[in-house]
Amino acid sequence: MKGRFAPSPTGRMHLGNLWVAILSYLSTRRQKGQFVIRIEDIDRQRSKQEFSELMLDDLEWLGFEWDEGPRVSNNDRQYYQSYRGHYYESQLNEWSSKDIIYPCYCNRSRLQTIMSAPHFGELIPIYDGRCRDAGVKIFNEIAHKKVPSYRLKVKSCLIEYIDFWQGLVSVHIEEGLHDFILKRSDGMYAYHLASVLDDIAMGITEVLRGCDLLEPTVFQIYLYQLLGKKVPVYKHAPLLMDTHGHRLSKRQQSITIQELRQMGYSSHQIIGLLVEKTKLVDSRYVSSSGISLDELLDVSLDQDVLKKSTIIL
Ligand SMILES: [Zn+2]
């Protein structure tokens, strides 16, 4: 099997990143699999090369070793999404020739009006399928000089999968309503597209990430089915929250690995602190000098704590 950790370099590595990195590393190593690091720097406005390097430095310092990815593979640029645009584009061209995707010229305010409708869901973005109509499409191409976004023409269906920790996920996908964006009008490829195409290209068989993607994963499964590819095993880990109910993510000035390091914590102490606080490991087994990734390899990942959707630290 092959697992991966795929961070977005939009800031310094924080405890939320580390949590997912530890779990994906342990899950892969426990199955004697290959561990891949991929840098998801597709958001060109928010991603910075400097942060990629600092994240890789942090991962190395924490004791992570990877079999494929930046710094270990030949031609390691292929593990950065920013260098893979040609690959995403060729898939879009193929779908375009089969009339599976269509340009959408709707402006932001129109999309916001649709989104504020009563059936608005935070996790599943909705659309009304307006630009899917051939007549509207021709009108749009004539009337608008601006660059469109591109949406997938989905067919109504029920998508179900069993998440390793979260259990059955079942979502009805509706034609038009759920025609999701594959490429934005500013030229940025959508997360679902890039992530699925990369996981397929890299032979990833297990996808472990945060629970915020539990439901949106159905769109990724839709893409796997469209491409005729085998769907990976999904493991959506609980999100780490602070006591105010905010997610520990870099957007909210969360504590970074670098800050902990400057405060004098060793890599083993940081890992120990995290696995103890999340109750992945009983505090009796974590000494004051912390715990290494190798020592964690004996820890079972089939635990009730991982079946929660959030963990408050
Ligand atoms: Zn539209």
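Criteria and thresholds
- Residues numbered from 1 in each chain as written.
- Predicted model: local features only at pLDDT ≥ 70, side-chain atom pairs only at ≥ 80, totals over all residues.
- Buried ≥ 20, exposed ≤ 12 C-beta atoms within 10 Å, placed from the backbone.
- Helix = DSSP H or I, 4+ residues; strand = E, 2+ residues; numbered from the N terminus.
- Contact = placed C-beta atoms within 7 Å.
- Domains from an automatic or database assignment.
- Pairing = 2+ DSSP bridges.
- Axes fitted to C-alpha atoms, helices over the stretch in contact; angles between N-to-C directions.

Under an unreviewed UniProt entry, the name given to the protein is Glutamyl-Q tRNA(Asp) ligase, and the organism recorded is Veillonella montpellierensis DNF00314.

Draft legend 1. Here's a closer look at helix α9 (residues 267–277). Every buried residue of α9 is accounted for by Ile270, Ile271, Gly272, Leu274 and Val275. Each element contacted by the buried residues of α9 is listed here: α1 (15–30), α2 (49–62), α8 (257–262) and α10 (293–296). Phi for lysine 279, located one or two positions after α9, is positive at around 65°.

Draft legend 2. Structural detail: the domain arrangement of the protein. Split into domains, the protein comes out as domain 1 (2–84 + 193–312) and domain 2 (86–190). Distance between the C-alpha centres of domain 1 and domain 2: 28 Å. Across the contact, 26 residues belong to domain 1 and 20 residues belong to domain 2. Going through the elements one at a time, α6 (191–201), α7 (217–227) and β9 (233–237) are the ones with two or more residues in the side of domain 1 that touches domain 2.

Draft legend 3. The arrangement of unusual backbone geometry in detail. For arginine 71, which is not glycine, the phi dihedral falls at a positive 75°. In this fold, arginine 71 is placed in the loop between α2 and α3 (85–97). You can call arginine 71 partly exposed: it has 13 C-beta atoms within 10 Å. Even without a glycine there, the phi angle at lysine 279 is positive, about 65°. Taking the number of C-beta atoms within 10 Å as the measure of exposure, lysine 279 has 14 and is therefore partly exposed.

Draft legend 4. How the structure looks around α7. Listed as buried for α7 are Thr217, Val218, Phe219, Gln220, Ile221, Tyr222 and Leu223. Elements in contact with the buried residues of α7: β5 (157–163), β6 (167–173), α6 and β9.

Draft legend 5. Up close: the sheet that holds strand β3 (residues 101–104). Strands sit in the order β3-β4-β7 across an open sheet of three strands; the sheet is antiparallel. Across the chains shown, the open sheet's two edge strands, defined by having one partner strand only, are β3 and β7 (181–183). Direction aside, the axes of adjacent strands within the sheet are offset by 40° on average. Taken together, the four bridges between β3 and strand β4 (residues 149–152) define a ladder with antiparallel strand orientation.

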